[in-house]
Amino acid sequence: MIRSDQHLVLVGMMGVGKTTAARVLADRLGRAVFDTDMVIETRSGSTVREIFAEQGEPKFRELESKVLAEALASPEPLVIAAAGGVVLSAANRAALADSGARVVWLCADPVNLVERVRGGGHRPLLDEDPAGTLQLMFREREALYREVADAIVLVDNRSISEVVEAVLR
Ligand code: S3P
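This is a predicted model, so every value here is computed, not measured.

K.L.:
Is there a simple way to think about the sheet that holds strand β3 (residues 79-81) in this case?
P.N.:
The pairing of strands in a sheet happens through backbone hydrogen bonds and is either parallel or antiparallel. Spatially, five strands are ordered β2-β3-β1-β4-β5 in an open sheet, and the strand pairing comes out parallel. The sheet terminates laterally at β2 (33-35) and β5 (151-154), the two strands that pair on one side only. Between one strand axis and the next, the sheet turns through 25 degrees on average, direction left out of account. Of the pairings in the sheet, the one linking strand β1 (residues 8-11) to β3 comprises three bridges and is parallel in character.

K.L.:
Is there a simple way to explain the nonpolar core in this structure?
P.N.:
If you look at the biggest cluster of nonpolar residues, it comprises 56 residues, and the most contacted ones within it are Val-9, Leu-10, Val-11, Met-13, Leu-25, Leu-106 and Val-167. With residues near it in sequence (within four places) discarded, Val-9 still touches Leu-72, Ile-80, Ala-82, Leu-96, Ala-101, Arg-102, Val-103 and Val-104.

K.L.:
Sorry, what's going on with the packing of helix α4 (residues 57-73) against helix α5 (residues 90-99) here?
P.N.:
Helix-helix packing is characterised by the crossing angle of the two axes and by the distance between the axes. Remark: α4 packs on α5, axes separated minimally by 10 Å, with the N-to-C direction vectors making an angle of 0 degrees. Here α4 is positioned roughly parallel relative to α5, judged by the angle of their axes. Only Asn-92, Ala-95, Leu-96 and Ser-99 of α5 make contact with α4, whose side of the interface consists of Ser-65, Leu-68 and Leu-72.

K.L.:
Which parts of the structure should I look at to understand the packing of aromatic side chains?
P.N.:
To describe a pair of aromatic rings, you give the distance between the ring centres and the angle between the ring planes. Evaluation of the coordinates by the stated rule reveals two aromatic pairs. Measuring from centroid to centroid gives 4.8 Å for Phe-52 and Phe-60, while their planes differ by 40 degrees, and the two rings are tilted. Ring centres of Trp-105 and Tyr-145 lie 5.7 Å apart, and the angle between their planes is 25 degrees; this geometry places the pair in the stacked category. Here the residue Trp-105 occupies a position in strand β4 (residues 102-107), and Tyr-145 occupies one in helix α6 (residues 130-148), the gap between them amounting to 40 residues.

Rules used throughout
- Residues numbered from 1 in each chain as written.
- Predicted model: local features only at pLDDT ≥ 70, side-chain atom pairs only at ≥ 80, totals over all residues.
- Heavy atoms only, no water.
- Pairing = 2+ DSSP bridges.
- Helix = DSSP H or I, 4+ residues; strand = E, 2+ residues; numbered from the N terminus.
- Axes fitted to C-alpha atoms, helices over the stretch in contact; angles between N-to-C directions.
- Core = buried A, V, L, I, M, F, W, Y, C linked by side-chain atoms within 4.5 Å.
- Buried < 20%, exposed > 50% of the residue type's maximum accessible area, 1.4 Å probe, protein only.
- Contact = heavy atoms within 4.5 Å.
- Parallel < 35°, antiparallel > 145°, perpendicular 65-115°, else oblique.
- Phe/Tyr/Trp six-rings, centres within 6.5 Å; stacked < 30°, edge-to-face > 60°.

Below, the structure is given as structure tokens:
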């Protein structure tokens, strides 16, 4: 079980349902949600897509690291929906480990994510060949999610409430 002074951080690939699960978990735990993509968008006044297009992915990753560090430094225990790419940076992985937060990897077969990411939105990296890109990303990131995770919750064929119960367990 999560301690009342620990952040709960959800990590995992695009489309696994981090944002939705984080909202329900925050409600259940009586906490605020901190969604890294949303905070970046609010702060910068630009969408994730605009930041990628106008300033490039490295700038986005810089903002992402700042916002993650800010969330982890919050004295108030949060439910943090960490965008899919946070594990790419060794500094972010170290920050997660050092923070004492409970990190849960929401894990899905990338084949099952293709439907869920349809529509573009804040995921410009999937504009071309989403299925192939998701497979490749999963291969590149699987070990990194595993490295930061205290627990793994499989989300394939599970409803959001089943996922939430599994995370709480
Ligand atoms: C990304 C995940 C996205 C968003 C950006 C890049 C990634 O967030 O930050 O498009 O590299 O995995 P979600 O994981 O919330 O979809």
